[in-house]
Amino acid sequence: MNIFRILVFSVLSLLCLTGCFPDDFTEDIKTEQEPVVKPKPEPDPAPEPELPAVPSYDNLEAYDYLKNYVDRTRYPNFKVGAAIPVSDFLKMSQRYDMAVNNLDEMTAENAMKPYIQRPDIKNDFSKVEAFLDEAQKAGISVFGHTLAWHSQHTPYLYEVVKGRKVEVSSSEAGPQVLFEADFQDGDIPFMYWGNDSSADNVDGTFMISNPSKVEGWQVQFAFDVSEPFIPGHIYQLTLRIKGSAEGAIGACLQNFNDNYVSVGDFADIGFDTEWREVDVTAECILEGGLRVIFNVGEFVGDIYIDDFKFIDTNCIYAYEPYTEQERKEAVAAEMDRWIKSIMEVTATRVSVWDAVNEPISDSDSDGDGIHELHRGWGGTSTFFWQDYLGDIDYVRIVVEKARKYYAEFGGKQPLRLFINDYCLEAHWDDNVKLRSLIHWINLWEADGVTVIDGIGSQMHTSYSEDPQTQKSREDHYVKMLQLMAETGKLVRISELDLGYEDRNGKTLKASELTDEQHRAMAGYYEFIVRKYLEIVPPDQQYGIAHWAPVDPKDDAWRGGEPVGLFDQNYNRKYAYAGFANGLMAY
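J.: So what's going on with the overall build of the protein? Which residues, and what values?
T.: Summing up its helical and strand segments, the protein has 13 helices and 23 strands in all. Each of the 586 residues in the protein was classed as buried or not, and the buried ones make up 50%. The contacts in the protein between residues at least 6 apart in sequence include a share of 76% that link residues at least 24 apart. When the accessible surface of the protein is totalled, it reaches about 28,300 Å², and 50% of it is carbon and sulfur.

See the structure below:
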């Protein structure tokens, strides 16, 4: 019993004593124990590297800009180009951004095409100069289009070929027709614009259609004359007219060089749904008028016009006819004047031009297998230089004047001159038009002096849903490249754009296309670019330029068709991917 008490006391005493030991004693005890090793926490897993987006039809924004896909080592001369409206580029608009990002080179759409006016009217090249300035700042070259063409002229050239102008006495003065059109040639001799209006030649009559009512001046058609209206003279309009409903249009003599002021008003021209003959006059009250203009905007519907004449009722001059040689010299002088004026503005900044645009016709009238040059059809805005200069001298004169004035006005780089034409890839004539162009180039160069550096193929074409048609188009495109390459000259696709045709040959609008159809178009773009790089030797490659890189509005070139690489909101389309894929293929 006592022993038990002693043991209990001893244990209790030890427990009390341990509570009184200093802190460092207990720490010493701890340090002598085996350390407790805690497991290290697992590090967070490294984030997966972010892979670059893979360009595909389903991921269009992953594509780089087009010009960045050109392999500059293999294809040092290849240029990605496009036609860009000068006004849009100068506004620094979305089209400016699209051009600067994607293009090596631009064509100034219509701004550098010939527009030949009377010698006392100086061409205004201020927008062209501004365009060249901004292009240079952006590091984009400019392709000159074009030194000679048969379209977009003023009536002045037709005055030139009439003969030598002489004044007549007051007793000899009398009526003279200054402008007339019976529309039987299928042409539209008027300019027209505004409010998505349209115009056509319908069964040998001029038709203008206005979709909605606006101010009269917001829809117009017009024509220009070569000599200013004379104050005090009475001018007469005679025509037949009818409409889809009853209505009226206005007309006046206009000075478009002075804030579009009227220099003489005609009475309103009324009409109904039956043909009506009209005879109205206007007195010229101010100097400087060169245009007759019609205001259509207040009438909604279609207006038809036929048997149109514009007359100076008291003309005080006449024309002494030229000899054939005198006429040729007079026309050559106008060509000289034009080329000199444009080279003065561009020579230090534009070193490559279409010397002649669209010289070859679509027909072989004598059956020799060679298409002739175009001949004099069309209205007052169409002037075929070759009718007066001759088939051979026409191109030789253009090339000679271009090289002369390019050097005279300080051009430093070698000047390269192209002949540009359409339907060179055409499957329906088995590339005969291209073969004809090559034949003519050989004739033009036969003098040993004339040198044509390259051939431009416009390539305004379409993808066809019909397999046989599409295969034929592809085969003839390949043949076109082979024939062009065989000439040893530079090869350029100059105005590429693609539409879409269904199996029945109907042209579809952009709004009608399905996703699958867009992909088919993209595949054709890829084929076109890929085959160009595959077939054309690198030292003959100039490049590919698109004529309408943004889908056009309804009143523009190929209106409403899906021809662009971008839609109207500047979103990339499958066509953009197709073009890029073609560049990446080689």
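J.: Quick one: what's the story with unusual backbone geometry, residue by residue and with numbers?
T.: Following His-145, the chain continues to Thr-146 via a peptide bond in cis, the omega torsion being 5°. Backbone geometry places Phe-183, a non-glycine residue, at a positive phi of 65°. Structurally, the position occupied by Phe-183 is in the loop between β5 (174-181) and β6 (191-193). Judged by relative accessible area, which is 2%, Phe-183 ranks as buried.

J.: Can you break down the packing of aromatic side chains residue by residue, with the values?
T.: If you walk through the whole model with that rule in mind, you get 39 aromatic pairs. Aromatic pair Tyr-63 and Tyr-576: ring centres 6.4 Å apart, planes at 80°, arrangement edge-to-face. Residue Tyr-63 is located in the loop between α2 (23-31) and β1 (79-83), and its partner Tyr-576 is located in helix α13 (residues 574-584); the two are separated by 513 residues in the primary sequence. Across the pair, Tyr-576 and Tyr-63 agree in class, each one buried. When the centroid spacing of 4.7 Å and the interplanar angle of 45° are considered together, the rings of Phe-89 and Tyr-96 count as tilted. By relative accessible area, which is 0% here, Phe-89 ends up buried. For Tyr-96, a relative accessible area of 16% puts it in the buried group.

J.: Give a description of a negative patch on the surface that names residues and reports values.
T.: Taken together, the side chains of Asp-124, Glu-129, Glu-344 and Glu-408 make up a negatively charged region of the molecular surface. Of note, Glu-344 is situated in helix α7 (residues 324-346).

J.: Which residues make up the pairing of strand β15 (residues 291-295), and what values do they have?
T.: With four of its five residues buried, β15 lies for the most part within the structure. The sheet contact formed by strand β9 (residues 220-224) and β15 spans five bridges and is antiparallel. When the sheet's bridge partners are listed, Ala-222 is paired in β15 with Ile-293. Pairing of strand β11 (residues 247-255) with β15 involves five bridges; the strand directions are antiparallel. Looking at the pairing, Gly-250 lines up with Asn-295 of β15.

J.: A description of the pattern of salt bridges should follow, citing residues and the corresponding values.
T.: Opposite charge on two side chains permits pairing when their charged atoms draw close. The final tally for this structure, using the stated rule, is 32 salt bridges. Between Lys-531 and Glu-534 there is a salt bridge, with the nearest N and O atoms lying 3.3 Å from each other. Of this pair, Lys-531 and Glu-534 both sit in helix α12 (residues 515-535), three residues apart, which is roughly one turn of that helix. Relative accessible area serves as the criterion here: at 17%, Lys-531 is assigned to the buried category. Through salt bridges that share partners, Asp-58, Asp-515 and Arg-519 make up one connected network.

J.: I'd like to hear about empty space enclosed by the protein, residue by residue, with values.
T.: Applying the stated criterion to the full structure yields two cavities of 30 Å³ or more. Empty space within the second largest cavity amounts to approximately 60 Å³. Secondary structure elements with two or more residues in the lining of the second largest cavity: β1, α4 (94-102) and β23 (541-546). Here the lining of the second largest cavity takes three residues from β1, the largest share from any one element. Here the lining of the second largest cavity is built from residues that sort into 10 nonpolar, three polar and no charged.

J.: An account of the side chain of Gln-117 is requested, with residue identities and associated values reported.
T.: For Gln-117, the location among the structural elements is in the loop between β2 (105-107) and α5 (126-138). Take Gln-117: its relative accessible area is 12%, and that puts it in the buried class. Among the polar contacts listed, one links the side chain of Gln-117 to the side chain of Asn-123, at a separation of 3.0 Å.

J.: So what's going on with the packing of α12 against α13? Which residues, and what values?
T.: With their axes 7 Å apart at the nearest point, α12 and α13 run at an angle of 25° to one another. The orientation of α12 relative to α13 falls into the category roughly parallel. Two packed elements cross with a definite hand, and for α12 against α13 that hand is right-handed. Contacts between α12 and α13 involve Asp-515, His-518, Arg-519, Ala-522, Tyr-525, Glu-526, Val-529, Arg-530 and Leu-533 from the former and Tyr-574, Ala-575, Gly-578, Phe-579, Asn-581, Gly-582 and Leu-583 from the latter. Residue composition of the contact of α12 with α13, by class: eight nonpolar, four polar and four charged.

J.: Outline the environment of Pro-55, listing residues and values.
T.: Along the chain, the position of Pro-55 falls in the loop between α2 and β1. Given a relative accessible area of 32%, Pro-55 falls into the partly exposed group. Taking the C-alpha atoms as reference points, Pro-55 and Asn-581, separated by 526 residues in sequence, lie 9.2 Å from one another. Beyond its immediate chain neighbours, meaning those up to four positions away, Pro-55 contacts Ala-62, Tyr-63 and Tyr-69.

Calculation rules
- Residues numbered from 1 in each chain as written.
- Predicted model: local features only at pLDDT ≥ 70, side-chain atom pairs only at ≥ 80, totals over all residues.
- Heavy atoms only, no water.
- Helix = DSSP H or I, 4+ residues; strand = E, 2+ residues; numbered from the N terminus.
- Buried < 20%, exposed > 50% of the residue type's maximum accessible area, 1.4 Å probe, protein only.
- Contact = heavy atoms within 4.5 Å.
- Areas by Shrake-Rupley, 256 points an atom, 1.4 Å probe, with all protein chains shown as cover.
- Phe/Tyr/Trp six-rings, centres within 6.5 Å; stacked < 30°, edge-to-face > 60°.
- Patch = residues over 30% accessible without salt bridge, like charges linked within 9 Å, V, L, I, M, F, W, Y side chains within 5 Å.
- Salt bridge = Lys/Arg side-chain N within 4 Å of Asp/Glu carboxyl O.
- Lys, Arg positive; Asp, Glu negative; His and termini not counted.
- Charge placed at Lys NZ, Arg CZ, Asp CG, Glu CD.
- Pairing = 2+ DSSP bridges.
- 1 Å grid on protein atoms, 1.4 Å probe; cavity = no way out; pocket = protein on both sides within 12 Å on 5 of 7 lines; lining within 4 Å.
- Points joined across faces, edges and corners; volume = space filled by probe spheres on them.
- Nonpolar A, V, L, I, M, F, W, Y, C, P; charged D, E, K, R; others polar.
- Polar contact = N/O pair within 3.5 Å; in protein donor to acceptor, adjacent residues only side chain to side chain.
- Axes fitted to C-alpha atoms, helices over the stretch in contact; angles between N-to-C directions.
- Parallel < 35°, antiparallel > 145°, perpendicular 65-115°, else oblique.
- Left-handed = near helix turned anticlockwise from the far one by under 90°.

Geometry only, nothing functional implied.
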